[in-house]
Amino acid sequence: MSKLKLSVAMGNYDRTRPLVDGDVAIDGVDPVYMLLSPEEMFFRAFRDRAFDISELSLSSFALKTAIDANPYVGIPVFPSRAFRHTSIYIRIDRGIETPADLAGRRIGTPEYQLTACVWARALLEDEYGVAPSDITWVRGGMEDPGRPEKIPLRLPERIRLEEAPADLTLSQLLERGAIDGLIGPRAPSCFERGDPCVGWLFRDPAHTAADYFARTGIFPIMHLLGVRRELAQAHPWLPMAITKAFTEAKRIALDRLADTSATKVTLPFVEEQLRAARALMGTDFWSYGVARNHSVLDRFLHHHYAQGLSPRRLRVEELFHPSTLESHKI
């Protein structure tokens, strides 16, 4: 019997390279891998249903699921996770000394529904009492003017969302002082160039994030995998086959990272950072599966609804194919 010829869109990570390199196979699948940026991948997946299997934005996925218009069914593999304390940039000449000082400010956002922005707003509200309605949001492209929302939004009236000038980027607005700050998944170019008036809200974001995890147990999930719904219906074995393959690829990546005979990443002190992550978060710090991540996902869905993105409060289990909610044991 021939294998399914399926397109697979994902990022080029150490945890996906074993699949691309042929060290791990997806049972029953002859894959065509495409290594793409998140922006291109998500835009094409949700606008054109361009891929059979795709890494997807958790926020866009939740929004589509809440309105019963999701062409994909979820798989509890989370290729991208990140603490978003490093995602909040400010003008350091505006008297913003604490997160609470963001109330009443104008803050740029590339898309209101971006997962990174949802988590950052959740952090500001849960930890510092700053609600999304306390801020005026200015939407625009970080480096390209005129970026639209991938999915049309109907936000509640309490959320103040303005459009950036059509010919300016958020990085330019921040550099010129037209906005007080910016939240986004990438560092704005003005920050990267070392603009003396632009800095992080949290002066030591790694330390603040470690304290946050120690208290909450939350390691934010950014992306999940999705498989086209009609494929999962026609081949009910497929979602679990994908889960198994990506889990094995991650295991290989972590084994290689832990091999200190020669550093696998072009960065000094990787071994020390790995030990510190394990000491803080345990050995399975980048966990896949619903059970291990239920509380993190549920917290995200709470804020997704509270921030006006989901028209109804989703349950975690609604995101995923039923076959991936549990696994066999020996």
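Provided above is the structure to which this section pertains.
What you see is a predicted model; the values in this text were computed from it and never measured.

Undergrad: Sorry if this is basic, but what is going on with the sheet that holds strand β3 (residues 53–57) here?
TA: Pairing between the strands of a sheet comes from backbone hydrogen bonds, and it takes one of two forms, parallel or antiparallel. What the 5 strands build is an open sheet, ordered β2-β1-β3-β11-β4; its pairing is mixed. Whereas interior strands pair on both sides, the edge strands pair on one side only; in this sheet they are β2 (29–35) and β4 (72–75). In this sheet, neighbouring strand axes are inclined to one another by 35° on average, regardless of whether the strands run parallel or antiparallel. Where strand β1 (residues 4–10) meets β3, 2 bridges bridge the pair, whose relative direction is parallel. Considered in β3, the bridge of valine 8 is made with isoleucine 53. Set on the sheet, helix α2 (residues 38–48) makes contact with β1, β3, β4 and β11 (223–228); between it and β3 the angle comes to about 110°. Here helix α9 (residues 238–258) sits on the sheet and contacts β1, β2, β3, β4 and β11; the angle it forms with β11, its principal contact strand, is near 145°.

Undergrad: Explain helix α3 (residues 58–66) to me, please; I cannot follow it from the model alone.
TA: Note that an α-helix has 3.6 residues per turn; residues three or four places apart therefore point the same way. The buried fraction of α3 amounts to 9 of the 9 residues, a majority that puts the element mostly inside the structure. What α3 keeps buried is the set Leu58, Ser59, Ser60, Phe61, Ala62, Leu63, Lys64, Thr65 and Ala66. Looking at the buried side of α3, the elements it contacts are α2, β3, β4, α4 (115–128), β11 and α11 (290–306). In this structure serine 57 caps α3, since a side-chain oxygen of it lies 3.3 Å from the backbone nitrogen of serine 59. Of the residues trailing α3, aspartate 68 is marked for its positive phi of about 55°.

Undergrad: Please clarify how the state of the cysteines should be interpreted in this entry.
TA: What we call a disulfide is simply a covalent bond connecting the sulfur atoms of a pair of cysteines. The final tally for this structure, using the stated rule, is 0 disulfides. Cysteine 190 supplies the cysteine sulfur nearest to cysteine 197, a cysteine that is in no disulfide, at a spacing of 10 Å. Here cysteine 197 falls in the partly exposed class, since its relative accessible area comes to 25%.

Undergrad: I tried to follow the side chain of serine 7 on my own but got confused; where do I start?
TA: In this structure, serine 7 sits in strand β1. With a relative accessible area of 13%, serine 7 lands in the buried category. When neighbours within four sequence positions are excluded, serine 7 is seen to be in contact with Val32, Met34, Ala50, Phe51, Asp52 and Ile53.

Undergrad: Teacher, can you tell me more about the packing of aromatic side chains here?
TA: Counted by the stated rule, this structure contains 11 aromatic pairs. Aromatic pair phenylalanine 78 and tyrosine 288: ring centres 6.4 Å apart, planes at 80°, arrangement edge-to-face. With phenylalanine 78 in the loop between β4 and β5 (88–91) and tyrosine 288 in the loop between α10 (270–281) and α11, this residue pair connects regions lying 210 residues apart in the sequence. As far as the burial class goes, phenylalanine 78 and tyrosine 288 line up, both buried.

Undergrad: Help me understand the pairing of β11 in this model?
TA: Side chains on a regular strand alternate between the two faces of the sheet. Burial of β11 is extensive: 5 of the 6 residues sit out of reach of the surface. Pairing analysis gives 5 bridges linking β3 to β11, with the strands arranged antiparallel. Following the sheet pairing, isoleucine 53 is matched in β11 by valine 227. Inspection of the sheet shows β4 paired to β11 by 4 bridges, in the antiparallel sense.

Undergrad: How should I be thinking about the sheet that holds strand β6 (residues 106–109) in this particular structure?
TA: With respect to topology, 6 strands assemble into an open sheet ordered β8-β7-β6-β9-β5-β10, the strand pairing being mixed. Only two strands of the sheet have a single partner each, and these edge strands are β8 (160–163) and β10 (198–200). On average, adjacent strands in this sheet sit at an angle of 30° to one another, irrespective of strand direction. As paired elements, β5 and β10 share 3 bridges and run antiparallel to each other. Paired with tyrosine 89 across the bridge in β10 is tryptophan 200.

Undergrad: Is there a simple way to explain the nonpolar core in this structure?
TA: Nonpolar side chains in soluble globular proteins tend to end up buried together. One finds Leu102, Val227, Ile242 and Phe246 to be the most contacted residues of the largest nonpolar core, which totals 88 residues. The leading source of residues in this core is α9, at 9 residues. If sequence neighbours within four positions are ignored, leucine 102 has contacts with Ile88, Ile90, Ile96, Ile107, Leu124, Asp134, Ile135 and Leu201. Ranked by size, the runner-up nonpolar core spans 12 residues in total, among them Tyr89, Val138, Met142 and Ala164.

Undergrad: What is the right way to read the pairing of β6 from this model?
TA: Judged from the 4 bridges that link them, β6 and strand β7 (residues 136–139) form a sheet pairing that is parallel. Residue pairing across strands places glycine 108 opposite valine 138, the latter belonging to β7. Regarding topology, α4 serves as the crossover connection from β6 to the parallel β7, and that connection is right-handed.

Undergrad: Please clarify how the pattern of salt bridges should be interpreted in this entry.
TA: Two side chains carrying opposite charge are able to pair once their charged atoms lie near each other. Overall, the coordinates contain 30 salt bridges when judged by the stated rule. Across the pair arginine 215 and glutamate 127 runs a salt bridge, and its minimum N-O distance is 2.5 Å. Note that arginine 215 is positioned in helix α7 (residues 205–216) and glutamate 127 in helix α4, a separation of 88 residues in sequence. Accessibility expressed as a relative area gives 25% for glutamate 127, which makes it partly exposed.

Conventions adopted
- Residues numbered from 1 in each chain as written.
- Predicted model: local features only at pLDDT ≥ 70, side-chain atom pairs only at ≥ 80, totals over all residues.
- Heavy atoms only, no water.
- Pairing = 2+ DSSP bridges.
- Helix = DSSP H or I, 4+ residues; strand = E, 2+ residues; numbered from the N terminus.
- Axes fitted to C-alpha atoms, helices over the stretch in contact; angles between N-to-C directions.
- Contact = heavy atoms within 4.5 Å.
- Buried < 20%, exposed > 50% of the residue type's maximum accessible area, 1.4 Å probe, protein only.
- Polar contact = N/O pair within 3.5 Å; in protein donor to acceptor, adjacent residues only side chain to side chain.
- Disulfide = S-S within 2.5 Å.
- Phe/Tyr/Trp six-rings, centres within 6.5 Å; stacked < 30°, edge-to-face > 60°.
- Core = buried A, V, L, I, M, F, W, Y, C linked by side-chain atoms within 4.5 Å.
- Right-handed = clockwise from strand over helix to strand, strands pointing away.
- Salt bridge = Lys/Arg side-chain N within 4 Å of Asp/Glu carboxyl O.

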